Amino acid sequence: MDTNKYNDSIFADDDRVDGLAKVTGKAKFSAEFKPAGLTYGVFVCSTIAKGAIKQMDIQDAKKAPGVLDIIYYLNCPEVPGFKPADRTKNPNARDFTGLKVFHNNMVVSNGQPIALVVADTFERAVHAASLVKVDYIKENAETDFDKNKFNDKLLKPRPDYLRKEKDAWKNAEVSLEEEYTIPIETHNPMEMHGTIAVWEGEKLTVYDKSQGPKGVQGELARLFALDEKNVKVITEFVGGAFGSALRSWPHVHAAVIAAKKLNLPVKVTLNREQMFTMVGYRPQCWQKVGIGASKDGKLTGIAHHAISNTSSYEDFSEGISSVSQYLYDCPNVFTTYKLLPLDVNTPTWMRGPGPASGCFGLESALDELSYKLNIDPIELRIINNAELHPHSKLPWTTKFLKECYALGKEKIGWSKRPTVPGSLKEDGMLVGYGMAVGVFGAGRSAATAKGILKMDGSLLLQSAVSDMGPGTTTAMVKIGSEQMGLEEKKVRFELGDTDFPTGPTQGGSGSATAVGSAVIAVCDAMKQSLKEMAIENIAAFKALKADDIKYENGKLIAANNTASIHFMDLLKEAGKPELQVSKNSTGFAQRDKYATNSFSVHFVKLHVHPVTGVIKLKHIVSAADAGKIISEKTARSQMVGGAVGGIGMAMTEETLLDHRYGRYINSNFVDYHVPVHADVPPMDIVFTNQPDYIISPTGAKGIGEIALVGVAPAILNAVYNATGKRVRDLPVTPDKLI
């Protein structure tokens, strides 16, 4: 599949390879394919949070025009993978509990899909779904996090972490203990989730919005007892995901079930309300941070406790308090983490999972401590900079956090920051400056890539990864261009098809390092093959060894410069129209020798109206230690996008539940507020741009997560600096400042 087929124009060096296709509407997203005979599935969803279906009346719906079938628990075909997992044979076998769509009459959350109406048009399916009537046996549901967050009968503890003393912070010369809360934040990418399933005998093709096509392929093969080679997953473009497409949700399984039963292609797309109930969210969490230091600012103890919600039928955890174990040099650290099961749908990974929430607690507490110590917040962090990983005592592969402080401090104008909160005004507005650190893991997973070098001077690269927006296609084109000495317009990268070599799931900021390493391996192997081909086929090279030949800008050059030949001419002389190479890059092999993290520092300047409490962001500076920057434009876009997500986290986003019904109140774009252009200030993005060749030969480290982690506490810290009012419950809204 050629994702560059829409772009046959010459593009500038800093352009996105797929940018033209996306902005002109030529890019084809998963729900936009239209196989012959396509039908449309629309969900009927539960209106209670807990209980069972007593009766479902589908008669009126079945008689509606265009209806082909209504699938629910009484007529759903058996799905082999929905049988209980046999852990005697495989202790790690996954049980799809809670995701077994139409498997029984049990209801475990409000908005759960309980039937699928399939019709010959989408509009007819929507109408028929509205005619389905359901009677329930209702049970008391518990959806209130705040009421139950300390209920030991419900809480599920995860292992505690202790380094030396639990409560050392209490004995410090200067200390504090505060609580911080984050509401549910819901995934709302531009492209809503959708799946098209097509069966041809025992072969299955699925067009799916996914961050991991190979993962979907494997899961569907297991679920439907198919040979993996008989399952093909296609994800040409992804219109944003941020974690929501890291796993398959019920709509994927429902589309495959319906297509199999009807022997027709079936498309199932979610509407905006269903995005709140079916594809996960950042869980609600409570944190308590105790922190202590000597008068000169050296940390002596941290205690970080966290509780977050999960669903009643599936445990989801993200290690919120773990960030306090390693971000700063502190001898005594105690962290705990507990899950609170509620009768709601399952949370999932959302950009910066774990550290995004954990850093809000830790970085807010550290800012509070800086005022008690009367030490600049940046200086306090430098005093406690961890030169080695505090737990493992391993060196970082690279760490340029201090350089981030210096770069951002200059750009934001930190010297103008008032040391006394609420003391600086501009144009009648209170002025505040704040900062916070972001951190995330930066390893490298395995990946395979294929390269095809052609006689026309072009290079085609392929890997079955998807691209949800970070610019993977552009980055791989740039790597291939640099490695083979070709113009970028002569390099294409194809992705999003499981027929291509195995690519990783795109999540955790690891695509560039994983796939990029495989691309470099392909290019190295190609150069070696070309050298051997020259020795075999070109008289002037016959007496040479491969080591005697250089490859530069598409040419093979004898070490003594006595002969040279361009690879296009070499392929012609050798009678080979193309050279194909596939190479695998293994995961990061030195985990026991190094600590691997990317770092960021976010700086904020803002205004607060002294009467109304309205906040106006004036300037954001984000400085990143993300290794070598492969594509300046896409890297900057990642940082800007992360900052916008952080603005939402800090100031606007909050998913509300009506606990009488376990139903989301604001499951729409009118009442759930994401940042708009007017909310986003001018931004400066700066990179240390120091390669990390230990993690990967690309020199890159992850960007996607550190772009968001730390933004929210930086904004809240700036609000305190402007007003003297400390808000510890996200989001910060004007009513909390009046």
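Check the entry above for the structure.
Notes on the structure follow.

Scoring rules and cut-offs
- Residues numbered from 1 in each chain as written.
- Predicted model: local features only at pLDDT ≥ 70, side-chain atom pairs only at ≥ 80, totals over all residues.
- Heavy atoms only, no water.
- 1 Å grid on protein atoms, 1.4 Å probe; cavity = no way out; pocket = protein on both sides within 12 Å on 5 of 7 lines; lining within 4 Å.
- Points joined across faces, edges and corners; volume = space filled by probe spheres on them.
- Helix = DSSP H or I, 4+ residues; strand = E, 2+ residues; numbered from the N terminus.
- Nonpolar A, V, L, I, M, F, W, Y, C, P; charged D, E, K, R; others polar.
- Buried < 20%, exposed > 50% of the residue type's maximum accessible area, 1.4 Å probe, protein only.
- Pairing = 2+ DSSP bridges.
- Expected span 1.5 Å × (residues − 1).
- Disulfide = S-S within 2.5 Å.

Taken as a whole, the second largest pocket spans an internal volume of roughly 500 Å³. If you trace the second largest pocket, you find 24 residues lining it, with Phe43, Cys45, Asn271, Glu273 and Gln274 closest to the centre. Only strand E1 (39-45), helix H3 (122-129), strand E6 (133-138), helix H7 (272-278) and strand E31 (663-664) provide two or more residues apiece to the lining of the second largest pocket. Taken together, the residues that form the lining of the second largest pocket break down as 12 nonpolar, 10 polar and 2 charged.

Below, the discussion takes up the pairing of strand E21 (residues 447-454). Of all the 8 residues making up E21, 6 are buried; the element is thus mostly covered by neighbouring parts of the structure. As paired strands, E21 and strand E27 (residues 578-585) are joined by 8 bridges and run antiparallel to one another. The residue of E27 that forms the bridge with Leu453 is Leu579. Bridging between E21 and strand E22 (residues 459-462) involves 4 bridges; their strand directions are antiparallel. In the strand pairing of E22, Ile452 is matched with Leu460. Between E21 and E22, which pair antiparallel one after the other, the connecting turn spans 4 residues, and Gly457 there sits at a positive phi close to 90°.

Let's shift gears to helix H15 (residues 711-723). Taking 1.5 Å per residue, 13 residues should reach 18 Å; H15 reaches 19 Å between its end C-alpha atoms and fits that length. Taking burial as the measure, the 13 residues of H15 include 13 buried ones, the bulk of the element.

So, about the state of the cysteines. Per the stated rule, a full pass over the model turns up 0 disulfides. Cysteine Cys76 shares no disulfide, and the gap to the nearest cysteine sulfur, in Cys45, comes to 15 Å. A residue is classified by how much of its surface remains accessible, and Cys76, at 18% relative accessible area, is buried. Unpaired in this structure, Cys330 has its nearest cysteine sulfur neighbour in Cys359, at a distance of 15 Å.

For the rest of this paragraph, the subject is unusual backbone geometry. The step from Leu730 to Pro731 runs through a cis peptide bond, and the omega angle for that step is -10°. Located in the positive-phi region is Lys164, a residue other than glycine, with phi close to 65°. Relative to the helices and strands, Lys164 resides in the loop between strand E8 (161-163) and strand E9 (174-182). Taking the relative accessible area as the measure of exposure, Lys164 reaches 65% and is therefore exposed. Its identity as a non-glycine residue notwithstanding, Ser509 has a phi of 60°, on the positive side. Looking at where Ser509 falls in the secondary structure, it is placed in the loop between strand E23 (491-494) and helix H12 (511-537).

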